[in-house]
Every structure is written in C-alpha cells, then in structure tokens.
Amino acid sequence: MMNSTTARTDKTLLLLGGTSDIGRATAKAFAARGWSVQLAGRDLDALGREAADIVARHGVPVTTHAFDVLDTAAFAAFADGLPCLPGVVVSVVGRLGQQALAETDLDHATLIMRSNYEGPTLILGLFATRFLARGTGTIVGVSSVAGDRGRASNYVYGSAKAGLTAFLSGLRNRTAKRGVHVVTVKPGFVETAMTRGMPLPKPVTAEPQEVADAIVAAVERARDVIYVRRIWRVIMLCIRHIPEALFKRMKI
Ligand SMILES: NC(=O)c1ccc[n+]([C@@H]2O[C@H](COP(=O)([O-])OP(=O)(O)OC[C@H]3O[C@@H](n4cnc5c(N)ncnc54)[C@H](OP(=O)(O)O)[C@@H]3O)[C@@H](O)[C@H]2O)c1
C-alpha cells in the first residue's frame, strides 16, 4: 500500500465507512479521477484489502485508518493523526438496526441514534472547523429519505437521519460564505449489505455505483442536497405533504 504523505491535500478524499458498499464504490469513483484516498473504519483487515484493490486498479496513494464513530473521545486524535487534512470528507457511516427491537431495548435504540446522528455529526463538525481554519474543503454526509418523515416501520433510524440532515443544513449555513461546502446525500433505496434480503422495488432502487457517481458529481458541482434517483424528491415531497391526521392512519 502506498502512503499519501506527499498527496495533494485538495485531491485527497477521507472516506468514513470504508467497508460499506456505498463507501467502497465512492472511494473507487474518486480514485478513478486521480484522487488519493484515506479509508477509515472499524475493520482494518477489510480496509487493507479494499486499499490494495484501489491501488491495483487506479494506482493512487491509499492509506487506512482505524475509526469507530461511537468513540467520540478519539475523534480529535483521529483527525490530527491523518497523513494530511483531506480536501473532501465523506461519511457513509450508518446503522439501520431493528425498529421492533429499538422500541423496547433502549441500548439498541441508543446505538442506532449514536451511529446515525451523534457520531457522524460530531466528526463532520470537527472536520468543518478544520476546513474553515484552512478556508477550503467539502463535507459530504450520507443521510436518508427516511429522515424526511417519521414512519412506524423505521422511525428510530429515520429520526436519527433527520437529525443528521438538519445538522448538515445548519453546518452548510454556517460555512457557505467561508469556502467550505456541505453536501447532503439522500440515496433512496440502495442494493447493499444493509438492505440485503429486503424486497426493494427495482425502479426506485439504486446500485452503490450510482450513489458513488452522484456523490462525485455533487462535490464537483457544489450541490447542496441530492436525491440519488430524482424520483425520490417527488416521492418524498408527496409523503411530506400528507396531512398528519391522514398519515398517522396509513401504512407506508
Ligand atoms: N442501503 C440503503 O438502502 C440506504 C438508503 C439510504 C441511506 N443509506 C445510508 O448509506 C450509508 C451506507 O450504507 P450501506 O447501505 O452501504 O450499508 P453498510 O454496507 O451496512 O454500511 C454501513 C457502514 O457504516 C459503518 N459503521 C457502522 N457502525 C460503525 C461504527 N460504530 N464505527 C465506524 N463505522 C461504522 C459500517 O462499518 P462496519 O463494516 O465496521 O460495520 C459500514 O461501513 C449509511 O449511512 C446508510 O444509512 C443506505
């Protein structure tokens, strides 16, 4: 594996969640465009295999870094220990969890909330402060359409994603005039490990590669909030406008 100490900061990607299907596709999409990559996650062996694959395919510098989104006390040391401050940080970290279990098991509910809201917002906020000090940088948070309106089937996960979406909106508002851009990604359904075995409707389900390409395009074009398949913007607009008195009786 190559080391990226000499990599250009502005073309270095930090990928938080480097073992995920969407994360791996995103890292490769940036690497294919000549970016150096810092892969971070819990499973260093898996990250090492992924890094070797990226180097073999694209010949760019790749480093791997231990990162646990629940270990907030280690965030500052993690950021300062990177070979360089990246130009772009993408967080795909998340945990769907089990809604039914979360309704009775407070520890499980807490894990979902911390994995999707507390951890991702705190680490992205920490990089935002460093990017603001430098005067450049792009922050990308992968949220979810589940955060657009709470539903019985997944409102613990959905409410954590709603918090992430709101945080990213506020962060964008704080940094917009100071050289730092914030992108919120709402993928809709995606065929990944997270959704394996679920009966996802094909026309509204994306592949990880599609999400990766959408993220690269959003960074290049400085987009604010993207729905990976545009149909999701329309679907969620309709769902958001259903009156609560009716919505609470529906099963969607
Ligand atoms: N798939 C979909 O339909 C869909 C739809 C909307 C949004 N999303 C979002 O897209 C993102 C990527 O999900 P995916 O579909 O690619 O599923 P995934 O493969 O399950 O990815 C989840 C990632 O989060 C990481 N993670 C979980 N807890 C962590 C922790 N404590 N510390 C560090 N990393 C942790 C996982 O790492 P480990 O390998 O160590 O577990 C994994 O890399 C998630 O934020 C998800 O909520 C997915």
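So, a few notes on the structure that sits alongside this text.

Conventions and cut-offs
- Residues numbered from 1 in each chain as written.
- Predicted model: local features only at pLDDT ≥ 70, side-chain atom pairs only at ≥ 80, totals over all residues.
- Heavy atoms only, no water.
- Helix = DSSP H or I, 4+ residues; strand = E, 2+ residues; numbered from the N terminus.
- Rg over C-alpha atoms; globule rule 2.2 N^0.38 Å.
- Buried < 20%, exposed > 50% of the residue type's maximum accessible area, 1.4 Å probe, protein only.
- Contact = heavy atoms within 4.5 Å.
- Areas by Shrake-Rupley, 256 points an atom, 1.4 Å probe, with all protein chains shown as cover.
- Lys, Arg positive; Asp, Glu negative; His and termini not counted.
- Charge placed at Lys NZ, Arg CZ, Asp CG, Glu CD.
- Pairing = 2+ DSSP bridges.
- Axes fitted to C-alpha atoms, helices over the stretch in contact; angles between N-to-C directions.
- Near = heavy atom within 4 Å.
- Polar contact = N/O pair within 3.5 Å; in protein donor to acceptor, adjacent residues only side chain to side chain.
- 1 Å grid on protein atoms, 1.4 Å probe; cavity = no way out; pocket = protein on both sides within 12 Å on 5 of 7 lines; lining within 4 Å.
- Sits in = over half its atoms within 2 Å of the grid points.
- Nonpolar A, V, L, I, M, F, W, Y, C, P; charged D, E, K, R; others polar.
- Salt bridge = Lys/Arg side-chain N within 4 Å of Asp/Glu carboxyl O.
- Points joined across faces, edges and corners; volume = space filled by probe spheres on them.

### Quick look at the overall build of the protein
Broken down by element type, the protein carries 9 helices and 9 strands. The C-alpha radius of gyration of the protein comes to 18 Å, within 12% of the 18 Å expected for a compact globule of 252 residues. Based on the C-alpha atoms only, the size of the protein along its principal axes is roughly 60 × 40 × 35 Å. Relative to its full complement of 252 residues, the protein shows a buried share of 50%. Pairs at least 24 apart in sequence give 70% of the contacts found in the protein among residues at least 6 apart. Roughly 12,000 Å² of accessible area belongs to the protein as shown, and the carbon and sulfur atoms make up 55% of that amount. One way to put it: in the protein the 31 positive side-chain charges average out to a point 8 Å from where the 21 negative ones average out.

### Considerations on the sheet that holds strand 9 (residues 225–227)
Strand order in the open sheet formed by 7 strands is 3-2-1-4-5-6-9, and the pairing between neighbours is parallel. Each having just a single partner strand, strand 3 (62–66) and strand 9 make up the two edges of the open sheet. Taken over all neighbouring pairs, the strand axes of this sheet differ in orientation by 15 degrees on average, direction set aside. With 4 bridges connecting them, strand 4 (residues 88–91) and strand 5 (residues 137–142) associate as parallel partners. Bridge pairing in strand 5 places Val89 opposite Ile139. Each of strand 2 (36–41) and strand 3 is contacted by helix 2 (residues 44–58), which is oriented at about 170 degrees to strand 3, the strand it contacts most.

### A closer look at the site of the ligand
For the ligand, the set of nearby residues contains 26 residues, the closest of which are Thr19, Arg42, Tyr157, Val190 and Thr192. In the model, an oxygen atom of the ligand is placed 2.6 Å from a nitrogen or oxygen of the Thr19 side chain. The side chain of Arg42 places a nitrogen or oxygen atom 2.7 Å from an oxygen atom of the ligand. For the ligand, the cavity whose grid points lie within 2 Å of the majority of its atoms is the largest pocket. The residue inventory of the shell around the ligand, partitioned by class, reads 13 nonpolar, 9 polar and 4 charged.

### Quick notes on the pattern of salt bridges
Using the criterion set out here, one finds 15 salt bridges in the structure. Across the salt bridge formed by Arg24 and Asp21, the nearest N and O atoms sit 3.0 Å from each other. Of this pair, Arg24 and Asp21 both sit in helix 1 (residues 21–32), 3 residues apart, which is roughly one turn of that helix. Between Arg130 and Asp80 there is a salt bridge, and its shortest N-O distance comes to 3.0 Å. Here Arg130 is found in helix 5 (residues 106–134), whereas its partner Asp80 is found in helix 3 (residues 75–80), with 50 residues between them in sequence. Take Arg130: its relative accessible area is 23%, and that puts it in the partly exposed class. What you see here is one network of salt bridges that share partners, running through Asp21, Arg24, Lys28, Glu50, Asp53, Arg57 and Arg196.

### So, the layout of surface pockets
By volume, the largest pocket is sized at about 1,400 Å³. When contributions to the lining of the largest pocket are tallied by element, the ones reaching two or more residues are helix 1, strand 2, helix 5, helix 6 (155–175), strand 7 (189–190) and helix 8 (231–240). The greatest single-element share of the lining of the largest pocket, amounting to 4 residues, is contributed by helix 8. Approximately 250 Å³ is the volume found for the second largest pocket. Taken together, Glu210, Asp213, Ala214, Ala217, Ala218, Arg221, Arg223, Ile226, Tyr227, Val228, Arg230 and Arg233 form the lining of the second largest pocket. Among the elements of the structure, helix 7 (208–220) and strand 9 are those that each provide at least two residues to the lining of the second largest pocket. The biggest single contributor to the lining of the second largest pocket is helix 7, with 5 residues. Per-class residue counts for the lining of the second largest pocket are 6 nonpolar, no polar and 6 charged.

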